[in-house]
Amino acid sequence: MDSIIVTGGAELKGQIPIAGAKNACLALMPATLLSDEPLTLTNAPRLSDIKTMTVLLESLGAEVRSMQEGRVLAMSSHDLTNLTADYDIVRKMRASNLVLGPLLARAGRAVVSLPGGCAIGARPMDIHVSGLEALGAEIELKDGYLHAEARKGLKGAVIEQRFASVGATENIVMAATLARGTTVLKNAAREPEIVDLVRCLRAMGAQIEGEGTSTIEVQGVDRLHGATHAVVADRIEMGTYMIAPAIAGGEIELVGGSMDLLPAFCEKLEGTGISVTPTANGLKVARSNGRARAIDVRTEIFPGFPTDLQAQMMALLCTANGTSVLEETIFENRFMHAPELVRMGAEIDVHGGHATVTGVERLRGARVMATDLRASVSLILAGLGAEGETVVSRVYHLDRGYERVEEKLSAVGARIERVRGE
Ligand code: EPZ
């Protein structure tokens, strides 16, 4: 297995291009299942999770051609030859469950393995299931698989989600595009990835209003057609690289980024004393005068502070001046990076959904590893400011969501390299 070695202490300067969003692309790709005409995505990120979704779609009978070194994905689902999303694919990547709504809407039937728990929490699928049942699907759990059927087709309904789940919103909206009549989804997720999905569905002929608000209305249509859609910028990649100069010092321009994608995060980062300014190409982040200041953070649904940036923010707060409290409200077990940061000399006390971080002057490099994507990248960020060498193992987590992390960071002056393992 590969490792990444970071030698701390180098100031950063330059530009980092922001890729298309993993979490938008993982919802956009299954949208191909809704139509027998081609769907082409441009600005796709080059990540192992995208390859996993490709394998899943191909297993269902879709064709996926990766062009321009993976930047363009040309998909076609003319014939669906299989309606089962196998456990061996779903267990690798939870977002595989996003084929459920589209398959059900197009083919009237779908069998999708229940993902099971993952490192950050139990992550059940009850909100997806009850939303699709409200649209007329009958769903039963058998042998670890959700067997879903809509014998008389799907029918629009008024649905109120008990929580604004991102994945459930995506599944329900995709299913509703081909349902008879009107669906009103209340307490819908408002994340930019939902807005991006709706824009793509609309380009395919869907009639949808209200994306980006908590009520989405979908007027079902008989069929969707082909389209070409550019994937929105990855706000979590952007936020991750915004933390890099905040920890290491220096100034970075995030090309293709935008402050609108991360309103609460930008505000918090500025609260620590880091400057964030819009530029013609994106935005610029700079730390010039000494240590960051401590600040309290609570993760929330959009437009609040994203859970997917909590670990990276913690890495910054480890060396901030003062004591910070981070509260994680979205996932029940998302502080696995804390004990690893403690190995680097951080002072962190985790108590339930809270972590109290008392800033120290400097962290020290160590051998560390993490069990999920964002936790892994937080250790790299911590290493950028630490004394000596930090060796991050289990890098396959990183490759799921960060394209060429070591190349992007070394291009702005970080001392970072990948060591290939067997
Ligand atoms: C999406 O996951 C993202 N993944 C996650 O990104 C992100 O952390 C999360 O949204 C929150 O922003 C993709 O978009 C592919 P949820 P999703 O359904 O859709 C509970 C990353 O690092 N819940 O909004 O699975 C659930 O257990 C990742 O890129 C139910 O209880 O998130 C969790 O506590 C990790 N029942 C909360 O809601 C359900 O039916 C939020 O989950 C569904 C969810």
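Everything in this summary refers to the structure shown in the same document. Being a predicted model, the structure only gives us computed values, none of them experimental.

### Topic: the site of the ligand
With respect to spatial proximity, 22 residues lie near the ligand, and among them I127, S165, D308, I330 and R374 are the closest. Contact between the ligand and R334: an oxygen atom at 3.2 Å from a side-chain N or O atom of the residue. Protein chains bury 88% of the 840 Å² of accessible surface belonging to the ligand in isolation. Elements supplying a minimum of two residues to the shell around the ligand: α1 (22-28), α5 (126-134) and α6 (166-177). Ranked by the residues each element gives to the shell around the ligand, the list is headed by α5, at three residues. Among the residues forming the shell around the ligand, the class breakdown is nine nonpolar, five polar and eight charged.

### Some words on helix α4 (residues 100-107)
Among the eight residues in α4, six count as buried, and that is most of the element. Listing the buried residues of α4 in full gives L100, G101, P102, L103, L104 and A105. Elements that come into contact with the buried residues of α4 comprise β7 (109-113), α5, β9 (145-149) and α6. At the C-terminal side of α4, G108 shows a positive phi close to 80 degrees.

### Focus: the nonpolar core
Ranked by size, the top nonpolar core spans 76 residues in total, and within it M29, L41, L57, V99, L135, L154 and L201 carry the most contacts. Looking at this core, the element that brings in the most residues is α6, giving six residues. Beyond its immediate chain neighbours, meaning those up to four positions away, M29 contacts L41, I50, M53, T54, L57, L73 and M75. Counting residues in each nonpolar core, the second largest holds 71 residues, with A244, M344, A386 and A414 among its members.

### Some points on the pattern of salt bridges
Counted by the stated rule, this structure contains 26 salt bridges. A salt bridge links R334 to D372; the shortest N-O distance between them is 3.7 Å. Taken together, the positions of R334 in the loop between β19 (323-327) and α11 (337-343) and D372 in the loop between β22 (367-369) and α12 (373-385) put the pair 38 residues apart, joining distant regions of the chain. The two residues R334 and D372 agree in class, both being buried.

### Observations regarding the environment of M238
Tracing the sequence through the fold places M238 in helix α8 (residues 235-248). We classify M238 as buried; its relative accessible area is 0%. Distance from M238 to G256, taken between C-alpha atoms, is 8.8 Å for residues 18 residues apart in sequence.

### A few points about the packing of aromatic side chains
Scanning all chains against the criterion turns up two aromatic pairs. Aromatic side chains Y241 and Y402 sit 6.5 Å apart centroid to centroid with 75 degrees between the ring planes, which places their arrangement in the edge-to-face category. Residue Y241 is found in helix α8, and its partner Y402 is found in the loop between α13 (396-401) and α14 (405-410); the two are separated by 161 residues along the sequence. In this structure Y241 comes out as buried when scored by relative accessible area, which is 1%. Residue classification places Y402 among the buried positions, given a relative accessible area of 1%. Consider the rings of F265 and F305, whose centres lie 5.6 Å apart with planes at 50 degrees: the pair is tilted. Placement of the pair is F265 in helix α9 (residues 263-271) and F305 in the loop between β18 (297-298) and α10 (310-317), with a sequence separation of 40 residues. F305 matches F265 in its accessibility class, with the two residues each being buried.

### Considerations on the pairing of strand β3 (residues 39-42)
Pairing geometry for β3 and strand β5 (residues 72-76), over three bridges, is antiparallel. Bridge pairing in β5 places L41 opposite L73. As paired strands, β3 and strand β14 (residues 227-230) are joined by four bridges and run parallel to one another. Across the sheet, the residue bridging to L39 is A227, located in β14.

Criteria and thresholds
- Residues numbered from 1 in each chain as written.
- Predicted model: local features only at pLDDT ≥ 70, side-chain atom pairs only at ≥ 80, totals over all residues.
- Heavy atoms only, no water.
- Near = heavy atom within 4 Å.
- Polar contact = N/O pair within 3.5 Å; in protein donor to acceptor, adjacent residues only side chain to side chain.
- Areas by Shrake-Rupley, 256 points an atom, 1.4 Å probe, with all protein chains shown as cover.
- Helix = DSSP H or I, 4+ residues; strand = E, 2+ residues; numbered from the N terminus.
- Nonpolar A, V, L, I, M, F, W, Y, C, P; charged D, E, K, R; others polar.
- Buried < 20%, exposed > 50% of the residue type's maximum accessible area, 1.4 Å probe, protein only.
- Contact = heavy atoms within 4.5 Å.
- Core = buried A, V, L, I, M, F, W, Y, C linked by side-chain atoms within 4.5 Å.
- Salt bridge = Lys/Arg side-chain N within 4 Å of Asp/Glu carboxyl O.
- Phe/Tyr/Trp six-rings, centres within 6.5 Å; stacked < 30°, edge-to-face > 60°.
- Pairing = 2+ DSSP bridges.

As far as function goes, none of this settles anything; it's purely spatial.
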